[in-house]
Amino acid sequence: MSSTESFPIAINGLALAWESVAVVLGALSIGLAIGFVVRSRSARSRAAATTSPERERELESLRRIATELARTSDVEGVARTLLDEIALLFDVGFVALTFVSEDAREASGFLARANGEDVDWWPDVRVDLVREPSGIASAAFEASSFAVYDAAGSTRVSSRLATQTGAKSVAFVRSSATTA
């Protein structure tokens, strides 16, 4: 075979090689484009999930709490901040923090808030957990949280406190703290 006869074969081989390169580059470009589209859709859906109304509400709540906690240096200020945030998040008009004595016989009002203001009489509240039916007693003794939708008709809620607060429905959340 002479060099002129091999020349067309070399050109044909070179043409086939370039076609293969073009096919590979085309496939790679298509793959990259598909990957880019999938990734951008994924990022958009993640961004949409991150900015959902519920997520935004939670983030805004955390921002408010962090800002207020940075400003306060006492326990009452921390309690006030958390009670106000609970009232805002759950759209309730009255929230209170009450402590149960170590012997679990009495509860004492610590701080209550109504419409963003301190409730002056709440620190004077005393509840006999042994003799007086109350949601506070139920939460303390049953070690659980619960809700009552008809406060006036319930035997599980203190009628005295329900009347004083104007509650129609109530929720009690038990939190236990241990000290060493």
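Throughout what follows, the structure given in this document is the object of discussion. None of these values were measured; they are calculated from a predicted model. (Residues numbered from 1 in each chain as written. Predicted model: local features only at pLDDT ≥ 70, side-chain atom pairs only at ≥ 80, totals over all residues. Heavy atoms only, no water.)

Quick look at the overall build of the protein
Each helix and strand counted, the protein has five helices and six strands in total. Starting at the N terminus and walking to the C terminus, you meet the elements of the protein as α-α-α-β-β-β-β-α-β-α-β. Within the protein, the proportion of its 180 residues that are buried is 21%. For the protein, the exposed area adds up to about 12,900 Å²; of that, 60% sits on carbon and sulfur atoms. (Helix = DSSP H or I, 4+ residues; strand = E, 2+ residues; numbered from the N terminus. Buried < 20%, exposed > 50% of the residue type's maximum accessible area, 1.4 Å probe, protein only. Areas by Shrake-Rupley, 256 points an atom, 1.4 Å probe, with all protein chains shown as cover.)

Section: a nonpolar patch on the surface
Taken together, the side chains of L69, V78 and L82 define a hydrophobic patch exposed on the protein surface, amounting to about 200 Å² of accessible area. Mapped onto the elements, L82 comes out in helix α3 (residues 75–90). (Patch = residues over 30% accessible without salt bridge, like charges linked within 9 Å, V, L, I, M, F, W, Y side chains within 5 Å. Salt bridge = Lys/Arg side-chain N within 4 Å of Asp/Glu carboxyl O.)

Some points on the environment of V92
Inspection of the secondary structure assignment puts V92 in the loop between α3 and β1 (94–100). For V92, a relative accessible area of 39% translates into the label partly exposed. Separated by 22 residues in the primary sequence, V92 and A114 place their C-alpha atoms 8.5 Å from one another. Contacts of V92, omitting those with residues within four sequence positions, involve I86 and A87. (Contact = heavy atoms within 4.5 Å.)

Things to note about helix α4 (residues 135–142)
Within the span of α4, buried status applies to G135, I136, A137, S138 and A139. On the buried face of α4, the contacting elements are β1, β2 (106–114), β4 (126–128), β5 (146–148), α5 (159–165) and β6 (170–172). Two residues or fewer after α4 comes A143, characterised by a positive phi angle close to 55 degrees.

Regarding the pattern of salt bridges
One pass over the structure, following the stated rule, counts twelve salt bridges. A salt bridge links D128 to R131, with the nearest nitrogen and oxygen atoms 3.1 Å apart. Since its relative accessible area comes to 65%, R131 is described here as exposed. Salt bridges linked by common partners bring E76, R80, D84, R113 and D118 together as one network.

Concerning the nonpolar core
Core analysis: the largest hydrophobic core is formed by 18 residues, its most contacted members being V127, I136, V157 and F172. Elements with a contribution of two residues or more to this core: β2, α4, β5, α5 and β6. It is α4 that provides the largest number of residues to this core, a total of three residues. Other than its neighbours up to four places away in sequence, V127 contacts R105, E106, A107, E132, S134, I136, R160 and L161. (Core = buried A, V, L, I, M, F, W, Y, C linked by side-chain atoms within 4.5 Å.)

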